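# Coordinate inspection notes
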Amino acid sequence: MTGIAVYPGTFDPVTRGHIDICERALQMFDHVVIGVADSLAKEPFFNIEERLDMLRLVFDDNEHISVKPFSGLLIDFARDCGADVIVRGLRAISDFEYEVQLAGMNRSLAPEIETVFLTAAQRYAFVSSSLVREIARLNGDVSEFLHPEILRRLTEKLEASK
Ligand code: COA
């Protein structure tokens, strides 16, 4: 496969699970645009600038990846990026129902854009940004799930919010 794919999410913060999906998507597509949703309804811990900055830091040396914010509909963002594919990671069966709904709605709105699912690597199958934040807040070790600089920023922000 070639072309441009969009990998959307909140990335609050980016985990090694997200990095794994993104790297694998790059084996299928020429370019991956990471779309960072403002997700205001989720009341993110990191603001949009911080989330963008962390993703850019993680993928800094990769010219095949770009990181962009979006606040409207995902399909409009995908169209603006010239993408014809949306990539989503699937971790557990529990993700499936929501993801099928999302893909179905997006297909009705934009039939020319296909959604492709990649299964999360086994070791990240139970990782989520909110669980990582919670464990870190309670002084648990989340170093396995985060890039060292992301871990540093999370620890720093948690300290500052105490
Ligand atoms: N490894 C580890 N964790 C993963 C993962 C992976 N491979 N893939 C997803 N996750 C986690 C995330 O960390 C996140 O954890 P959290 O819920 O604890 O924060 C969780 O799975 C949810 O995934 P995320 O990737 O953040 O997506 P989301 O559900 O917050 O966002 C959007 C989904 C942004 C794609 C969706 O809301 C959207 O399209 N919004 C735009 C508006 C729109 O078009 N709406 C109509 C849709 S039909």
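Refer to the structure presented above.
In this report, the structure presented in the accompanying data block is examined. (Residues numbered from 1 in each chain as written. Predicted model: local features only at pLDDT ≥ 70, side-chain atom pairs only at ≥ 80, totals over all residues. Heavy atoms only, no water.)

## Details of the layout of surface pockets
Its boundaries defined by the atoms lining it, the largest pocket holds a volume of some 920 Å³. Taken together, 37 residues form the lining of the largest pocket, with Pro-8, Gly-9, Thr-10, Lys-42 and Arg-88 sitting closest to its centre. Only β1 (4-9), α1 (16-25), β4 (85-90), α4 (93-109) and α5 (129-137) provide two or more residues apiece to the lining of the largest pocket. Here the element with the most residues in the lining of the largest pocket is α4; it accounts for seven residues. (1 Å grid on protein atoms, 1.4 Å probe; cavity = no way out; pocket = protein on both sides within 12 Å on 5 of 7 lines; lining within 4 Å. Points joined across faces, edges and corners; volume = space filled by probe spheres on them. Helix = DSSP H or I, 4+ residues; strand = E, 2+ residues; numbered from the N terminus.)

## Quick look at α5
When α5 is considered as a whole, its buried residues turn out to be Ser-129, Val-132 and Ala-136. In a view along the axis of α5, the buried residues occupy a sector of 65°, so they form one face of it. Just past α5, the residue Asn-139 takes up positive phi, approximately 65°. (Buried < 20%, exposed > 50% of the residue type's maximum accessible area, 1.4 Å probe, protein only. Arc of directions from axis to C-beta.)

## As for the site of the ligand
Surveying the vicinity of the ligand reveals 24 residues, the closest of which are Thr-10, Lys-42, Leu-74, Ser-129 and Ser-130. Interatomic distance of 2.9 Å between a side-chain N/O atom of Arg-91 and an oxygen atom of the ligand. Contacts to the ligand include Ser-130, whose side-chain N or O atom sits 2.3 Å from an oxygen atom. Protein burial of the ligand: of its 940 Å² of free accessible surface, 82% is covered by the chains. Assessed atom by atom at 2 Å from the grid points, the ligand resides in the largest pocket. Every element with two or more residues in the shell around the ligand is listed here: β1, α1, α4 and α5. Looking at the shell around the ligand element by element, the count peaks at four residues for α4. Grouping the amino acids of the shell around the ligand by side-chain chemistry returns eleven nonpolar, ten polar and three charged. (Near = heavy atom within 4 Å. Polar contact = N/O pair within 3.5 Å; in protein donor to acceptor, adjacent residues only side chain to side chain. Areas by Shrake-Rupley, 256 points an atom, 1.4 Å probe, with all protein chains shown as cover. Sits in = over half its atoms within 2 Å of the grid points. Nonpolar A, V, L, I, M, F, W, Y, C, P; charged D, E, K, R; others polar.)

Just distances and angles here, no functional claims.
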